[in-house]
Amino acid sequence: MRGSIESQSIRLEVTSAKNLQVPSERIPAGIYICVNVDSSRRWKSAIRVPLFDRSVSWRDTVTLSPPTSPALSVEIRASYEVDRMLGNGEVIGTLETSWDELLDHSDEPFELPFPPIRGVNPSLTLKAALVHACNNLDGALFDFFLDRKIARDTDAGHARLAEYMTYRTVYHLNDAVHHFKLVLGQCPVDHPDYAAALTNLAWARLQGYIQEDVEDIDTITSLFCEALALRPQGHSDHTLSSYHLITSLNWRYSKQQSAVYIQESAQLCCKLLPLCPEGTYLRSIGVNSAVDYVISACNNLPIDASDEGIHLRRVVLELSPPGHRHRPFSLTRLAQAAEAHFQQCGSIDDIDESIQLGREAVSLCPEGHSDRNTFLNNLASSLQSRFDHQGNYHDLNEAIFMHEEALRLCPVGHENRDFSLGNLGGALRARFNKHGDVGDINRAISLRREALTLRPPGQPRRDTMLANLALALDTRYDKLHVIEDLHEAIELYRESLWVMRLDHPARHRNLNNLSSALRSRFTRTGRNEDVEEAIRLCQESLAALPSLHPDRYFSYMWLKNVYLSRYQMKHNPTDLSLAVENYKLASRHPTQGLPQRIILSYKWTVHAEQYGDGSALEAYSTFFELLDAHLATRSSPASRREAAAAFHYARSLPVDAASCAIRRDDIRHAVELVEQGRGQQWSLASRLRSPLEDLKSTNPNLAHKLSELSRYLFSAQGSAGSTDRAAADRAATKYRKLTEQWDVAVAQIRHLEGFSRFLLPPSYEDLQAAARHGPVIILIGSEYSCSAIIIPTSGEPRQVHFPRITLSHLEKLKDDFTTAIRHTTRMRPEEPRKKLRVLLRIVWDEIMLPIVSILQHDLKLWCRSRIWLCPTAAFTSIPLHAANPFRMNADRSGKESCLEDLYICSYTPTLSALIRARQAMKTRATPSFAAIGQSRPGAGQGDVLPAVDSELELVHTLVPATANPTTLSGNNATRAGALRALQENTWVHLACHGKQDLEQPYDSSFAMRDKPLTLLDIMEIHIPHAEFAFLSACHTAVGDEETPDEAIHLAAGLQFSGFKSVIGTLWGVSDALAKHVVEAFYENFFKDLEDGGVMDCTKAAWALNRATHAVTTKVPLEQRMVFIHIGV
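Given the structure is predicted, the values throughout are model-derived calculations rather than measurements.

What counts and what doesn't
- Position labels on residues start from 1 in each chain and follow its written sequence.
- At least 70 in pLDDT is required for a residue's local features to be given in this predicted model, at least 80 for side-chain atom pairs to be given and counted, and no such filter applies to totals for whole chains, interfaces and linings, which use all residues.
- In computing side-chain properties, one takes all heavy atoms of the structure into account and sets aside hydrogens as well as water.
- For helices the rule is a DSSP run of H or I covering at least 4 residues; for strands it is a run of E covering at least 2, with both sets numbered from the N terminus onward.
- Computation of the radius of gyration draws on C-alpha atoms, with the globule rule given as 2.2 Å multiplied by the number of residues to the power 0.38.
- Only heavy atoms enter the contact rule, under which two residues are in contact if any of them lie within 4.5 Å.
- To be clear on the numbers: accessible area is Shrake-Rupley with a 1.4 Å probe, and residue cover counts the displayed protein chains and nothing else.
- We define a salt bridge as a contact between a side-chain nitrogen of Lys or Arg and a carboxyl oxygen of Asp or Glu at a distance within 4 Å.
- Partly exposed residues are those whose accessible area sits between 20% and 50% of the maximum for their type, while under 20% is buried and over 50% is exposed, using a 1.4 Å probe and protein chains only.
- We call two strands paired when DSSP finds no fewer than two bridges between them.
- Axis geometry follows a simple rule: fit a line to the C-alpha atoms, using only the stretch in contact for helices, then measure angles between N-to-C directions, giving values from 0 to 180 degrees.
- The definition of a nonpolar core used throughout is a set of buried Ala, Val, Leu, Ile, Met, Phe, Trp, Tyr and Cys residues joined through side-chain atoms within 4.5 Å.
- Across the chain, each position has a pLDDT score giving the predictor's confidence in that residue, from 0 to 100.
- Multiply 1.5 Å by the residue count of a helix minus one, and that product is the helix's expected span.
- Two rings from Phe, Tyr or Trp (for Trp, the six-membered ring) form a pair when their centres are within 6.5 Å of each other. A pair whose planes differ by under 30 degrees is stacked, one over 60 is edge-to-face, and the rest are tilted.
- Placement of a charge over a ring requires the Lys NZ or Arg CZ to be within 6 Å of the ring centre, with the centre-to-atom vector within 35 degrees of the ring normal.
- By the definition adopted for this analysis, an angle is roughly parallel if under 35 degrees, roughly antiparallel if over 145, roughly perpendicular if from 65 to 115, and oblique otherwise.
- Each crossing gets its handedness from the near helix: less than a right angle anticlockwise from the far helix is left-handed, clockwise is right-handed.

1. Here we look at the overall build of the protein chain
- A count of helices and strands for the protein chain gives 43 helices and 23 strands.
- Taking 32 Å as the expected radius of gyration for a compact globule of 1128 residues, we find that the protein chain reaches 43 Å, considerably beyond that expectation.
- For the C-alpha atoms alone, the extent of the protein chain along its principal axes is close to 150 × 80 × 55 Å.
- Of the contacts made within the protein chain by residues no fewer than 6 positions apart, 71% connect residues no fewer than 24 positions apart.
- Summed over its atoms, the accessible surface of the protein chain is roughly 47,200 Å², and 51% of this surface lies on carbon and sulfur atoms.

Next comes the structure, spelled out in structure tokens:
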């Protein structure tokens, strides 16, 4: 063979290599092949990055001139730089061979095995062939590194380090460090190989540090940092330098446990991963394990609720994408940090995020997962925190369910059983506070006693277990007043504080709780020592908390309780003043949840009234403001009503507030307060439909912004009602964030000149606009006094006191009316309604006559003028418009006039509703009339109504042709058809079954052919051109008994959707008798049109008045007075 190659060239192709193991165990930037042809000629392949399986592919080819020697050597080398190399890298394997051996494979690929390294046999796949000689041979040959001193020292350093890693001999390490230091000394800072020299030295020293042969980790980390700074993102060696620094920081943290190192490492990992995709060599061999270490280490750090701590948790979660094995723990640790931040700052965003993260963590740990109990406990804790802050009972129920499951997963002997016992006990205690079931608090105490036995003296968390049991016993004492519970609670609190370190984050709570228990004992025994200590403890708690910490609320609250208790015992006015001051501080504390503050402000009103304190009106106003803010965060009418129902005990506050102002001779303020506290459901919904014409002319951009946000909010209403709790949470959070943006926009508008009171509770001057076309009479039924306020068209309001009427009288009168109306259903039409007449006489004598006297004599109101009645509380269920003396004049000249003989009566649920309706009258549309009737409603919606179809025909004949009357009945009168007719017409007549749902008033409905047309359906449409609706159906203008001041009924819903004038019914109506009223009404309504008049919805009240007078002989009393007019 030798003779055959002397005159020919050799083509050598390096194809691939596999099983590559670097002796020093260092991760290379790439691998290359070196062929030593003879003493002066060497060939080097390209540097290629290995694959994840430690293989490399080249397909590099070189053609060599005839060799001068039959022997050659082949080397596999690791390069630690991608482009410009410092030295020749580290030798992975060297093989001495001959040209004959290479050419012995007939130009076919063959595998060249190398000596084993750490039990792994590297190999190289080559092809070699003879080719004819040609020009420009050996072009790829090179003489090794020009700077031979730097190269020799670098190569020597690599070789010594490989020996150290193989034999663990310190002198090899020292030798490697010595050589690398020599190289660094030969590379000034601006030398192109300076970063490589830094890295080599740092890596060698890091290996010594790992083996505890080197201690100077600060210098090692600094060297890596300096090298990375010289290789910014985009540099070919940036990723490897980042990995080196991460490795150094991780080892430093593993030995020194300083959080700053692992935090810096986490930040670097977050930047490195996008540059090092999954499946690449560096990612597979080193980065994944480094990142896993960082994630685990960070997840084991104590929870830090600072902004920096939460940022770190977000970084760690970013390092744990979906599918990552550490994601559940990363989720739950961020959730815990968010909840801790919530506990410190009170931001609802934090607790919402905590719950969202916790839900995902639980979903990733199905039944059987070893950590499921931990994740359930954490999520339940967040849910309970949100319940405490927001008062949503669904959260508490879900928390208890999860705590129960977590406890089931922690049987006796489980290391986390004490956590689950204590947590479930806390949730049951919260439910006891909500519903008063003694079984809950008894079980809570039992669970917490067991938890305490699992933490004997000297054990961690014993202080918490002591405090938990004390709180449960203290709570039971408040309900059952067993003194042994209180004594035991006090002793447990004291022991807990004694073993608890002074800087414990929950120490202030123990101080407050012990203070509360001592106050309770003071009220029982009168011991001054207890009350004095209770005050000191609260003051100590306040001193330990920053000004905006949410728990300052509890310190203020307990301090208020202590001062109030002492005032009740000692009657020192100073104590009452101090109690009121703490009422103010607590109810206005911005980082505590609204439900807690609403409850407290209610108690403030009670005590201010009870003790005659001058802060009562301020307390009422505070309650209304807080409740309004709370309800505004709820995303649907039903959820707003549910939220309001949680404060059912405070439903009388609007009238109580007005009564308080009246008793202080501040009648204007009484009007403002009763308006602010009533009809909040409609008020909140109406904000999203506020007319913006004036704003558009002043600031069109802000007007557009508010209009868009209102549209988004309106479309989002109801989206949080999903049965999927996670989906409901997301929807509620989205709605709340939109609400926050809306609030910001409104605040910006209020800074504009002339808009300072934009959407604020109206002043008396604003509200007096409701009386522009006639006086408005507000009837106030409070436990403190019953009276009326007459708002005239101009001038000061007048108060009318009802000396012989109390709230209990009103309640009885209301019940008597209900009974009398029910009794008439069994009577023939011609029978006299004696009981009903007696009740209406009482209404006239005791309520309406004093009002009429002022209207006639003080206000000089002409007969047949219009008046509007605005009843509150029990007054809403009394037919005030039908008040009648039912007796002869004193001179026997005829019957005494009744209210409807004297005035044209209308109702309005609130003054604002009447004002909104009047404002909407500025624009009028071409009239169009639709008569909608359903005599045969769908299954379950009611019986057949035989008179409905004839009523529709009658209406059609009475409505003028200019109104383009249409009729919708039978199979066409469906829910969708009726909605469409409401939207497309300005005047509507509805004849069908009406149902008032007393449990869920928003489900009140009109019966249609397929399914009911509900109040919610009506509220969701906006018909600004609508004018008049006649509701010839049962129960369309009566609200539920639970929230009478909210006036949640079908007639109010139609008014809200755009109808300015509505006729509704207070109770059941006979379709056969209603037809007579309908006929008389439309005859009077449209009789002026023959003389060229126009359809005017403001005449509806007059037409109804005339109609009920006209049918006296045809229709019995209760079927005449059932119809009322609402609106303009």
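2. What to know about the pattern of salt bridges
- Tallied over the entire structure, the rule returns 53 salt bridges.
- Two residues, Arg372 and Glu405, come together in a salt bridge whose shortest N-O distance is 2.8 Å. On the criterion of sequence distance, the pair formed by Arg372 in helix H13 (residues 372-390) and Glu405 in helix H14 (residues 393-408) is long-range, its members being 33 residues apart.
- According to the relative accessible area criterion, Glu405 is buried, its value standing at 10%.
- Through salt bridges that share partners, Glu367, Arg372, Glu405 and Arg408 make up one connected network.

3. A look at the pairing of strand E8 (residues 123-131)
- Here 9 bridges tie strand E1 (residues 9-18) to E8, and the two strands are oriented antiparallel to one another. Within E8, the position partnered with Leu12 by the bridge is Ala128.
- Pairing of strand E7 (residues 110-113) with E8, which is carried by 4 bridges, proceeds in the antiparallel orientation. When the bridges of E8 are listed, Leu112 appears paired with Leu124.

4. A closer look at the environment of Tyr1002
- Locating Tyr1002 in the fold gives a position in the loop between strand E18 (994-995) and strand E19 (1005-1006).
- Relative accessible area serves as the criterion here: at 3%, Tyr1002 is assigned to the buried category.

5. Observations regarding the sheet that holds E18
- What the 3 strands build is an open sheet, ordered E18-E19-E20; its pairing is antiparallel. At either margin of the open sheet sits one strand with a lone partner, and together these are E18 and strand E20 (1013-1014).
- Pairing analysis gives 2 bridges linking E18 to E19, with the strands arranged antiparallel. Along E19, the bridge assignment pairs Lys995 with Ser1005.

6. What about the sheet that holds strand E4 (residues 56-64)?
- In space, the 4 strands of this open sheet follow the order E4-E1-E8-E7, with antiparallel pairing throughout. The sheet is open, and its two borders are formed by E4 and E7, each paired with just one other strand. Direction aside, neighbouring strands of the sheet carry axes that sit 25 degrees apart on average.
- Looking at chain direction, E1 and E4 are connected through 7 bridges and run antiparallel.

7. As for the nonpolar core
- Of all hydrophobic cores here, the largest spans 216 residues; its most connected members are Phe1006 and Phe1081.
- If you tally residues by element for this core, the top one is helix H34 (residues 834-857), at 11 residues.
- In this structure, Ala197, Leu228, Leu240 and Tyr243 belong to the second largest nonpolar core, which totals 60 residues.

8. What to know about unusual backbone geometry
- Although it is not a glycine, Arg461 adopts a positive phi angle of roughly 70 degrees.
- Looking at the secondary structure, you find Arg461 in the loop between helix H16 (438-453) and helix H17 (462-480).
- The class for Arg461 is partly exposed, based on a relative accessible area of 28%.
- Even without being a glycine, His481 presents a positive backbone phi close to 60 degrees.

9. Side note on the confidence of the model for the protein chain
- When pLDDT is averaged along the protein chain, the result is 88, and 93% of the positions lie at 70 or above.
- Put simply, helix H1 (residues 2-5) is where the protein chain has its lowest mean pLDDT, 50, and strand E14 (residues 903-907) is where it has its highest, 97.
- Long-range and interchain partners of residues 718-722, a stretch whose pLDDT sits below 50, account for 9 contacts in this model, where long-range means more than four residues apart.

10. Some details on helix H38 (residues 975-984)
- For H38, the set of buried residues is Gly977, Ala978, Leu979, Ala981 and Leu982.
- In this structure, the buried residues of H38 make contact with strand E15 (929-933), strand E16 (966-968), strand E17 (987-991), E20, helix H39 (1015-1019) and helix H40 (1050-1057).

11. Looking at helix H5 (residues 194-210)
- Counted at 1.5 Å a residue, the expected span for H5 with its 17 residues is 24 Å, and the 24 Å between its end C-alpha atoms agrees.
- The element H5 is extensively covered by neighbouring structure, given that 17 of its 17 residues are classed as buried.
- Following H5 by one or two positions, Glu212 has its phi on the positive side, about 65 degrees.

12. A word on the packing of aromatic side chains
- Tallied over the entire structure, the rule returns 20 aromatic pairs.
- Note on Tyr553 and Phe554: the rings are 5.1 Å apart at their centroids and 80 degrees apart in plane angle, and the pair reads as edge-to-face.
- Taking relative accessible area as the criterion, Tyr553 reaches 1% and is therefore assigned buried.
- With a centroid separation of 5.2 Å and an interplanar angle of 15 degrees, the aromatic rings of Phe1085 and Phe1086 are classed as stacked.
- A relative accessible area of 6% places Phe1085 in the buried class.
- One aromatic cluster is present, built from ring pairs that chain together Phe929, Trp987, Phe1028, Phe1030, Phe1081, Tyr1082, Phe1085, Phe1086 and Phe1123.
- Sitting over the ring of Tyr80, Arg26 keeps its end group 4.0 Å from the ring centre.
- The positively charged end of Lys44 is found above the aromatic ring belonging to Tyr32, 4.9 Å away from the centroid.

13. Focus: the packing of helix H24 (residues 616-632) against helix H27 (residues 667-677)
- Between H24 and H27, the least distance of the axes is 10 Å, while the angle of their chain directions is 30 degrees. With respect to their mutual orientation, H24 and H27 come out roughly parallel. Note on packing geometry: the crossing formed by H24 with H27 is left-handed. Of H27, the residues touching H24 (which contributes Leu617, Ser621, Phe624 and Glu625) are His669, Leu673, Gln676 and Gly677.

14. Overview of the side chain of Ser520
- You can see Ser520 is positioned in helix H19 (residues 507-525).
- A relative accessible area of 3% places Ser520 in the buried class.
- When residues no more than four places from it in sequence are discounted, the contact partners of Ser520 are Tyr477, Asp478 and Leu486.

15. Details of the packing of helix H8 (residues 259-272) against helix H9 (residues 281-299)
- The geometry of H8 relative to H9 is characterised by a closest axis approach of 10 Å and an angle of 135 degrees between their N-to-C directions. Taken together, the axes of H8 and H9 lie oblique to each other. Between H8 and H9 lies a crossing whose hand is left-handed. Counted together, Ile262, Ser265, Ala266, Cys269 and Leu272 of H8 and Val287, Val291, Tyr293, Val294, Ala297 and Cys298 of H9 form the full contact between these two elements.

16. A few points about the environment of Ile867
- Turning to its location among the elements, Ile867 is positioned in strand E13 (residues 865-871).
- Accessibility expressed as a relative area gives 0% for Ile867, which makes it buried.
- C-alpha separation for the pair Ile867 and His773, spaced 94 residues apart in sequence, amounts to 8.2 Å.
- Leave out the neighbours within four places in its chain, and Ile867 touches Pro775, Ile777, Leu855, Leu861, Leu899, Tyr903, Ile904, Cys905 and Ser906.

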